[in-house]
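# Architecture and fold: a report
Here is how the chains run, residue by residue.
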Amino acid sequence: MYFFQTCSQHNAEAPNLEQAFHRMAQTEPNLDHDVSWFLLPSYWAKMVVALISFLCFANSYDGDFVFDDSEAIINNKDLRAETPLGDLWHHDFWGSKLSSNTSHKSYRPLTVLTFRINYLFAGGFYPVGFHVINIILHCTISVLMVDVFSILLGGLQFTNKGRRLNLAPKTSLLAALLFAVHPVHTECVAGIVGRADLLCALFFLLSFLGYCKAFRENKEGHNFSIFWVLVSVILGAVAMLCKEQGITILGLNAVFDALVINKLNVLELIQKLLHKDKSLENAGLLRKGLLFRITLLMSGGASILYIRWRIMGTGPPAFTEVDNPASFADSLFVRAINYNYYYSLNAWLLLCPWWLCFDWSMGCIPLIKSVSDWRIIALAALWFCLIGLICQALCSEDSHKRRILTLGLGFLIIPFLPASNLFFRVGFVIAERVIYLPSIGYCILFTYGFSLLSRQAKKKKILAVAVLGILLINVMRCALRSSQWRSEEQLFRSALSVCPLNAKVHYNVGKNLADKGNQSAAIKYYREAVRLNPKYVHAMNNLGNILKERNELQEAEELLSLAVQIQPDFAAAWMNLGIVQNSLRRFEEAEQSYWTAIKHRKKYPDCYYNLGRLYADLNRHIDALNAWRNATVLKPEHSLAWNNMIILLDNTGNLAQAEAVGREALELIPNDHSLMFSLANVLGKSQKYKESEALFLKAIKANPNAASYHGNLAVLYHRWGNLDLAKKHYEVSLKLDPTAPGTKENYNLLRRKLEQLQKKGGA
């Protein structure tokens, strides 16, 4: 047959393939038969899928680190070479100890390991390498989807030589393309933390394909390879070590085994169980080793979950009401209604991925509190569709339809279960990244629906053009969404139109503006965030900081006081409140605020630094030095604390101690020009002119536009008697800062001295 000569994976087996195809056709209709779609050889189909998936997300390759990337990558010490590799197995995804009360319990050591490799190869935090790996992973997964969908849609058939046949080349290509270009995947691909979902999906699919290999030598289902079943379990464990959803592949392998390998009729089995029929073996439960294989899968899954439970501890992660408000509702009815509404929104994102947002929490989706809320229609529509599909999957007389619908629903629902709030509370309302795996089920159902429509349609080409149009629209939407993920400014602003009620969106826009120095615009967004969520302590803290810098101290104090009242253990707000109180010269209150901050965060070097400044203002020099010393013990690279210690010791005449501290600091931070400058001043006063000069020149080389550096070097030369060099650096200093009074006075003294010397020389 011409069909297998062009489409099968192994054309040399054409005669055997014809026989295999005819055997299949006698038992099941072929899904490709009525579909008007592209017919390509397997390797060409995979090339097309790879190319199109690459085009969708290629423009994200040079994007920045955005949103959660900062915490998971930039601020994650587990990526640094100095952190022992063993720590990755005891820390969560964000670098916190799993035993910590603040840990999210997201145990993904293999994903963090890939971040660490990225960091080491790049020699630092350069996002290009991270983005490129994500794009490659998505392309690889999309290519694997061609094989996966050929099995799910066409069944599992092998030649006599153990080579798998692709019995649905057209529909498997269509389904793989739908998956490759789905815009909801943008967060996983363009957002670097989406690496967890990508790696999980990769090993998830490899586990499934490995399980299929167990039946390569299968003759009517009686023989299978225990080795490949165990490999599948191991790959499922690896998937889970990349992200929690990975464990669900073991359940899906069991479903696939029952439906495809054993051709189990679920409805018939249920009826036999209800009637206590003893002929269960005829129903296929005990035939062909199914029970043994399911036992292996269940045992493997239980062992993996137990080990993970032992590592992460028994305590659940701690989330707040703003993360997932429905889970904190007192009424079981309200919780159930809202969970189901969230499911309907996830389904809508798969059907119409136009409104996408980086965060759906904090008021983005108001709670449904009454059955009179019109949004009840959405969850009613969801369950109407699901029940209809389930009935068809169970009751249809067409075994082919039963198999595809059950597999489609299985791949849609089972990978979503960890994010469903059914077993434990999750830390989000909707997260586009968790739909990456469930979208496999959506693609199966969409493709099957397309094949049914094609069977009924008279003008099949028009239907094919419509689907091609959907693919093209999705490609353009992916490219647009990828460009929005390139920078935080674009990402956060894109969410304003999707979730205008989300306080976190306004907060992040404000923070981005503040980081760029646009404080006036930032204030506007912070105020809106606080208006939308009056208990948003982080927005209050950041707004209070800006008002403090603008010397609007009264309002800053009110905001920060409210923040610590709402969240008494908010250490950063306590510290900032102390800074404001210090500026208002309410020193006792400021000291109390600093110590409260330290009480709630034991290792808080910045707070010790600010406490030292307070003690210095009160002339409590010993206390100031102790506070700054604590800051440097907790954070050895705390340049400001080192500098203040050197300056205070210098000003109080303790030159030897100041010199010792300065040398200690430079050993730890050898390239800090401000420390070089401070130590150079001390050495100059100690008449160690040569060493002082060397440090001044090194500091000037690092920061040539600092007027004070040139001015103080000029003073050194002035004392040393190198008057020409002193004159040169005084002039450079005054050129950089003409208003510096001390430099101007010293320069005038030097000029008078030079004039006197000239007169004496002339006489």
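Residues numbered from 1 in each chain as written. Predicted model: local features only at pLDDT ≥ 70, side-chain atom pairs only at ≥ 80, totals over all residues. Heavy atoms only, no water.

An unreviewed UniProt entry annotates the protein as dolichyl-phosphate-mannose--protein mannosyltransferase of Strix occidentalis caurina. Taken from UniProt, the Pathway (unreviewed entry) comment for the protein reads in full: "Protein modification; protein glycosylation." (UniProt positions renumbered as here; feature names shortened; annotations may be inferred.)

### What to know about the overall build of the protein
Across its full length, the protein carries 34 helices and zero strands. When its C-alpha atoms are laid out on the principal axes, the protein stretches across 120 × 60 × 50 Å. Long-range contacts, defined as pairs at least 24 residues apart, comprise 66% of the intrachain contacts of the protein with a sequence gap of at least 6. Total accessible area on the protein is roughly 35,500 Å²; 59% of this is exposed by carbon and sulfur atoms. Separation between the mean location of the 78 positive side-chain charges and that of the 61 negative ones in the protein comes to 4 Å. (Helix = DSSP H or I, 4+ residues; strand = E, 2+ residues; numbered from the N terminus. Contact = heavy atoms within 4.5 Å. Areas by Shrake-Rupley, 256 points an atom, 1.4 Å probe, with all protein chains shown as cover. Lys, Arg positive; Asp, Glu negative; His and termini not counted. Charge placed at Lys NZ, Arg CZ, Asp CG, Glu CD.)

### Details of the nonpolar core
Counting residues in each nonpolar core, the largest one holds 218 residues, and the members touching the most others are Phe-149, Leu-152, Phe-208, Phe-256 and Ile-440. For Phe-149, the contacting residues outside a window of four places in its chain are Gly-154, Ser-172, Ala-175, Ala-176, Phe-179, Ile-440, Cys-443 and Ile-444. If you look at the next biggest cluster of nonpolar residues, it comprises 13 residues, including Phe-65, Phe-115, Ile-192 and Ala-196. (Core = buried A, V, L, I, M, F, W, Y, C linked by side-chain atoms within 4.5 Å. Buried < 20%, exposed > 50% of the residue type's maximum accessible area, 1.4 Å probe, protein only.)

### A look at the side chain of Asp-359
Mapped onto the elements, Asp-359 comes out in the loop between helix 14 (332-351) and helix 15 (376-395). Among the polar contacts made by the side chain of Asp-359, one reaches the side chain of Ser-361 at a distance of 2.5 Å. Other than its neighbours up to four places away in sequence, Asp-359 contacts Phe-67, Cys-499, Asn-502 and Lys-504. (Polar contact = N/O pair within 3.5 Å; in protein donor to acceptor, adjacent residues only side chain to side chain.)

### Here's the deal with the UniProt feature "repeat: TPR" (unreviewed entry) in the protein
Taking the UniProt record as the reference, the feature "repeat: TPR" (unreviewed entry) is found at residues 503-536, 537-570, 605-638 and 707-740. Between the C-alpha atoms that bound residues 503-536 the distance is 8 Å, and the span itself is 79% helix and 0% strand. Here residues 605-638 is 79% helix and 0% strand, with 8 Å between the C-alpha atoms at its ends.

### Re helix 24 (residues 571-583)
For helix 24, with 13 residues, the first-to-last C-alpha span of 19 Å sits near the 18 Å given by 1.5 Å per residue. Within helix 24, twelve of the 13 residues are buried, leaving the element largely enclosed by the surrounding structure. Taken together, the buried positions of helix 24 are occupied by Ala-571, Ala-572, Ala-573, Trp-574, Met-575, Asn-576, Leu-577, Gly-578, Ile-579, Val-580, Gln-581 and Asn-582. Those residues of helix 24 hidden inside the fold are in contact with helix 22 (537-549), helix 23 (553-566), helix 25 (587-600) and helix 26 (605-617). Residue Arg-585 follows helix 24 closely and has a positive phi angle near 65°. (Expected span 1.5 Å × (residues − 1).)

### Regarding the packing of helix 23 against helix 24
Their axes nearest at 9 Å, the elements helix 23 and helix 24 cross at an angle of 150°. Looking at the two axes, helix 23 sits roughly antiparallel to helix 24. Of the two elements, helix 23 crosses helix 24, and the hand of that crossing is left-handed. Along the contact surface, helix 23 presents Leu-553, Ala-556, Glu-557, Leu-560, Ser-561, Ala-563 and Val-564, while helix 24 presents Ala-573, Trp-574, Asn-576, Leu-577, Val-580, Gln-581 and Ser-583. By residue class, the composition of the contact of helix 23 with helix 24 is nine nonpolar, four polar and one charged. (Axes fitted to C-alpha atoms, helices over the stretch in contact; angles between N-to-C directions. Parallel < 35°, antiparallel > 145°, perpendicular 65-115°, else oblique. Left-handed = near helix turned anticlockwise from the far one by under 90°. Nonpolar A, V, L, I, M, F, W, Y, C, P; charged D, E, K, R; others polar.)

### Side note on the state of the cysteines
One pass over the full model with this rule turns up one disulfide. Between the sulfur atoms of Cys-364 and its disulfide mate Cys-499 the distance is 1.9 Å. Measuring the twist about the S-S bond at about -45°, one finds the Cys-364-Cys-499 disulfide to be left-handed. Within this pair, whereas Cys-364 is found in the loop between helix 14 and helix 15, its partner Cys-499 is found in the loop between helix 19 (488-496) and helix 20 (503-515), the two being separated by 135 residues in sequence. As far as the burial class goes, Cys-364 and Cys-499 line up, both buried. Take Cys-188: it sits in no disulfide, and the sulfur closest to it among the cysteines is that of Cys-200, at 9.8 Å. Of all cysteine sulfurs, the one in Cys-391 lies closest to Cys-395, which takes part in no disulfide; the gap is 5.5 Å. (Disulfide = S-S within 2.5 Å.)

### Some details on the confidence of the model for the protein
The predicted coordinates of low-pLDDT regions are not to be read in fine detail. Model confidence for the protein is summarised by a mean pLDDT of 88, while 92% of its residues fall at 70 or above. Of the regions scoring below 50 in pLDDT, residues 1-27 engages in 42 contacts with residues more than four places distant in sequence or in other chains. (pLDDT = per-residue confidence, 0-100.)

### Observations concerning the environment of Phe-450
Along the chain, Phe-450 falls in helix 17 (residues 439-456). Relative accessible area serves as the criterion here: at 4%, Phe-450 is assigned to the buried category. In this structure, the C-alpha to C-alpha distance between Phe-450 and Leu-174, residues 276 residues apart in sequence, is 9.8 Å. If we ignore the near neighbours within four places in the chain, the residues touching Phe-450 are Val-35, Ser-36, Leu-174, Leu-463, Ala-464 and Val-467.

### What about the pattern of salt bridges?
Taken as a whole, this structure holds 27 salt bridges when the rule is applied. Where Glu-555 meets Arg-527, a salt bridge forms, and the shortest distance between an N and an O atom there is 2.7 Å. In this pair, Glu-555 is assigned in helix 23 and Arg-527 in helix 21 (residues 519-532), connecting sequence segments 28 residues apart. Linked through salt bridges whose partners overlap, the residues forming this network are Glu-659, Arg-663, Lys-688 and Glu-691. (Salt bridge = Lys/Arg side-chain N within 4 Å of Asp/Glu carboxyl O.)

### Details of helix 17
Across its 18 residues, helix 17 extends 26 Å between first and last C-alpha, which sits within 8% of the 26 Å expected from 1.5 Å per residue. When we look at burial in helix 17, the residues that qualify are Ser-439, Ile-440, Gly-441, Tyr-442, Cys-443, Ile-444, Leu-445, Thr-447, Tyr-448, Phe-450, Ser-451 and Ser-454.

### Comments concerning the environment of Leu-113
As for its placement among the helices and strands, Leu-113 is situated in helix 5 (residues 109-122). Once the C-alpha coordinates of Leu-113 and Trp-89 are considered, the two residues, 24 residues apart in sequence, prove to be 9.9 Å apart. In contact with Leu-113, not counting residues within four places along its chain, are Leu-85 and Leu-88.

### Some thoughts on a nonpolar patch on the surface
Nonpolar side chains collect at one region of the surface, where Trp-348, Leu-351, Trp-354, Trp-355, Leu-472, Ile-473 and Met-476 lie side by side and expose about 800 Å² of accessible area between them. Elements that contribute at least two residues to the nonpolar patch include exactly helix 14 and helix 18 (460-484). By residue number, the principal contributor to the nonpolar patch is helix 18, which donates three residues. With respect to the helices and strands, Met-476 occurs in helix 18. Judged by its relative accessible area of 52%, Met-476 is exposed. (Patch = residues over 30% accessible without salt bridge, like charges linked within 9 Å, V, L, I, M, F, W, Y side chains within 5 Å.)

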